[in-house]
Amino acid sequence: MTTETLKSLAQRHAAGIKGGIASICSAHPLVIEAALLHGKASESQVLIEATCNQVNQEGGYTGMTPAGFRRFVEGIAEKVGFDPGQLILGGDHLGPNPWKHLPAEEALSRAEVMIDAFVAAGFTKIHLDTSMGCSGEGAALADQVTAERAARLAKVSEAAAARSGFDKPVYVIGTEVPIPGGAMEVVEHLQVTTPQAALETVEVHRTAFAALGLQAAFERAIAVVVQPGVEFGNENVVFYDRPAARDLSAVLGRMPQFVFEAHSTDYQPVPALSALVDDGFRILKVGPGLTFALREALYGLDQIAAFLFDIPGEQTLHAAMERLMLAEPNHWGKYYHGDEQALRIQRHFSYSDRIRYYWPHATAQAAVDRLTALLGDRPIPETLVSQYLGALYPRVAGGDLIPTPRNLLIASVQRVISDYAQACRS
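The rules behind each value
Residue indices begin from 1 for each chain and proceed along its sequence in written order. Local features in this predicted model are restricted to residues of pLDDT 70 or higher, and side-chain atom pairs are both shown and tallied only at a pLDDT of 80 or more, whereas totals for entire chains, interfaces and linings draw on every residue. Water and hydrogen atoms were dropped before computing side-chain values, which therefore reflect all heavy atoms in the structure. A run of H or I in DSSP becomes a helix once it reaches four residues, and a run of E becomes a strand once it reaches two; helices and strands are each numbered from the N terminus. Buried means the residue's accessible area, taken with a 1.4 Å probe over protein chains only, is under 20% of the maximum for its type, while exposed means over 50%, and partly exposed covers the values in between. Note on definitions: a residue-residue contact is assigned when non-hydrogen atoms from the two residues lie within 4.5 Å. Only the protein chains shown count as covering a residue, and every accessible area follows the Shrake-Rupley method with a 1.4 Å probe. The criterion for strand pairing is that DSSP finds at least two bridges linking the strands in question. Orientation is described by axes fitted as lines to C-alpha atoms, over the contacting stretch for helices, and by angles from 0 to 180 degrees between their N-to-C directions. What makes a patch is a set of residues exposed beyond 30% relative accessible area and free of salt bridges, joined within 9 Å when like-charged and within 5 Å when nonpolar (Val, Leu, Ile, Met, Phe, Trp, Tyr). We define a salt bridge as a contact between a side-chain nitrogen of Lys or Arg and a carboxyl oxygen of Asp or Glu at a distance within 4 Å. Orienting the strands away from the viewer, one traces the path from the first strand over the helix to the second; a clockwise path indicates a right-handed crossover. Centres within 6.5 Å make a pair out of two Phe, Tyr or Trp rings, where for Trp the six-membered ring is used; the pair is then stacked when the planes are under 30 degrees apart, edge-to-face when over 60, and tilted otherwise. Note on geometry: a ring has a charge over it if NZ (lysine) or CZ (arginine) is within 6 Å of the ring centre and within 35 degrees of the ring normal. If an angle is under 35 degrees, it is roughly parallel; if it is over 145, roughly antiparallel; if it lies from 65 to 115, roughly perpendicular; otherwise it is oblique. Crossing handedness: left-handed means the near helix sits turned counterclockwise from the far one by under a right angle, and right-handed means the same turn made clockwise. A helix's residues, less one, multiplied by 1.5 Å, set its expected span.

Novice: Can you lay out the overall build of the protein chain for me, pointing to particular residues and giving the numbers?
Specialist: Along the backbone of the protein chain there are 17 helices and 10 strands. Taken over the C-alpha atoms alone, the protein chain extends approximately 70 × 45 × 45 Å along its principal axes. Considering the protein chain as a whole, with its 426 residues, one finds that 55% of them fall into the buried category. Long-range pairs, those at least 24 residues apart, make up 75% of the contacts in the protein chain with a sequence separation of at least 6. Just so you have it, the protein chain exposes about 17,600 Å², and 53% of that area is on carbon and sulfur atoms.

Right, here's the structure in full:
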């Protein structure tokens, strides 16, 4: 799990050499399989990241510890024949966020245990995010406090790395990002990070690391998270405005150790993704956009099965997911707004894709299993692919894709991954 590719990003940018890397932020097994198959075919490294809420020492919402997540990903890699030496694992937003309802010291102590577990398990790209206030604190903290807490976690990380046997981790700092999963409302105006804010983020962290004797660790800090002016809400996407980010991009010339990491790049078209990479946003994170594509394919297959086998509406996958989400609204109730029609649309078709939290549920898994068992391994008639999975039709008609249900699911996710691959090598 080498980090040399990540370490070279800033040098390559400074030299005007094109290229970046996509960060696959998903715990869905089909998404991970699609990413690893794409990496195998293109003979490229694959960066897969887990957030502090997805995966932690208490299991997170996936039920997996960092060691468990690594075994999960490597099991898929073994199944598809992907070289594990080409796999990079990252931990995203690692800090006290899962425990911010607790007093700061208790939350940070738990975050230390989490960081230790991630690094000991071989996660070598570590985003330190301690920006959130804990119980009794404001929602956001002063930069100096954030940096001091980040350095505290980095100290734990360095100790874990010394005994892990894996590469020493590289670090990502900064937290100027939207809420995980995208904004809750229609997004109209975004404030691009100012050049001065980016510079101050670097310097305040440099000072905090040095205060704990972590200068060598800070030399492995490779990226700063900033807001380049991209975002998605439930109903709309804000596309990259290159002129608006010109000054931010230019400031990398004053911080040659770093590139920028861009979050919430989901649903950006290839020209926008390519422009981001060229402008120094060399790490592009994508998550909901991948499971959105997977859901599109599942629902397309659902419609195909309903037609082929004359399935009543209440027995479809779509109906099963609607019943599940209505019965258990905890993953969407606070995030979707509007009348009943608006809520129904958002439950299934929001860009924020909060339906992704339901796919691991036993009820959802059973419904997907019923659908795939019904369709079997027989190729879908290409005219039905054209009708219900039109984006994949050109590959099917051209003979490049055998339209079995599994192939169509993988191909739907890989359409998104291919956009990122094109942008990152262009």
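From this point, the narrative continues.
Novice: If you had to explain the sheet that holds strand β2 (residues 46-51) to someone new, which residues and values would you point to?
Specialist: Spatial strand order, β1-β2-β3-β4-β5-β6-β9-β10: eight strands in a closed barrel with parallel pairing. Within this sheet the neighbouring strands show an average axis-to-axis angle of 25°, counted without direction. Sheet analysis places strand β5 (residues 170-173) next to strand β6 (residues 221-226), joined by three bridges and oriented parallel. Note that in β6 the partner of V172 across the bridge is A223.

Novice: Explain a nonpolar patch on the surface to me, and be specific about the residues and the numbers.
Specialist: A contiguous nonpolar patch, built from F307, L308, F309 and L374 and spanning about 360 Å² of accessible area, is present on the exposed surface. Counting residues per element, the nonpolar patch draws most heavily on helix α11 (residues 288-309), at three residues. Mapping L374 onto the fold places it in helix α14 (residues 362-375). Using a relative accessible area of 34% as the deciding quantity, one classes L374 as partly exposed.

Novice: Lay out the pairing of strand β3 (residues 87-94) with the relevant residues and their values.
Specialist: When you tally the buried positions in β3, you get eight out of eight residues, the bulk of the element. Judged from the six bridges that link them, β2 and β3 form a sheet pairing that is parallel. Across the sheet, E49 pairs through a bridge with G90, a residue of β3. Handedness of the crossover joining β2 and β3 through helix α4 (residues 66-80): right-handed. Two elements, β3 and strand β4 (residues 125-128), share three bridges in a ladder whose sense is parallel.

Novice: Give a detailed account of the packing of aromatic side chains, specifying residues and quantitative values.
Specialist: Scanning the entire structure with this criterion turns up 15 aromatic pairs. With a centroid separation of 5.3 Å and an interplanar angle of 65°, the aromatic rings of F209 and F218 are classed as edge-to-face. Each of the two residues, F209 as well as F218, counts as buried. Residues Y299 and F349 carry aromatic rings whose centres are separated by 6.1 Å and whose planes lie at 85° to one another, so their mutual orientation is edge-to-face. Remark: F349 occurs in helix α13 (residues 340-349) and Y299 occurs in helix α11; sequence separation between them is 50 residues. Here Y299 falls in the buried class, since its relative accessible area comes to 7%. Residue F349 is classed as partly exposed on the basis of its relative accessible area, which comes to 41%. Following the ring pairs from residue to residue traces out a cluster consisting of F69, F72, F118 and F123. Just above the ring of F292 sits the side chain of R295; from NZ or CZ to the centre is 4.7 Å. The ring centre of W332 lies 4.9 Å from the NZ or CZ of R347, which sits over that ring.

Novice: So what about the packing of helix α5 (residues 104-120) against helix α6 (residues 143-164)? Which residues, and what values?
Specialist: The N-to-C vectors of α5 and α6 enclose an angle of 30°; their axes lie 8 Å apart at closest approach. As summarised for this structure, α5 and α6 are arranged roughly parallel, according to the angle between their axes. Between α5 and α6 lies a crossing whose hand is right-handed. Touching A104, E105, L108, S109, A111, E112, I115, D116, V119 and A120 of α5 are R149, R152, L153, V156, S157, A160, A161, R163 and S164, all from α6.

Novice: Tell me about the environment of L248, and name the residues and values.
Specialist: By the element assignment, L248 lies in helix α9 (residues 246-250). In sequence terms L248 and L409 are 161 residues apart; their C-alpha atoms lie 38 Å from each other. Apart from residues no more than four positions distant in its own chain, L248 is found in contact with V192, T193, T194, P195, A198, V226, Q227, P228, F260 and F281.

Novice: For helix α3 (residues 29-42), give the residues involved together with the corresponding values.
Specialist: Its 14 residues place the ends of α3 20 Å apart at the C-alpha level, agreeing with the 20 Å of an ideal helix rising 1.5 Å per residue. Those residues of α3 lying buried are L30, V31, I32, E33, A34, A35, L36, H38 and G39. Considering only its buried residues, α3 is in contact with β1 (21-24), β2, α4, β3, α11 and α17 (405-425). Taken from the residues just after α3, E43 is the one with a positive phi, measuring 55°.

Novice: An account of the pattern of salt bridges is needed here, citing residue identities and associated values.
Specialist: Applying the stated criterion across every chain yields a total of 21 salt bridges. Between E4 and K7 there is a salt bridge, with the nearest N and O atoms lying 3.5 Å from each other. Placement of both E4 and K7 in helix α1 (residues 4-7) is noted, with a separation of three residues, approximately one turn of the helix. By relative accessible area, which is 36% here, K7 ends up partly exposed.

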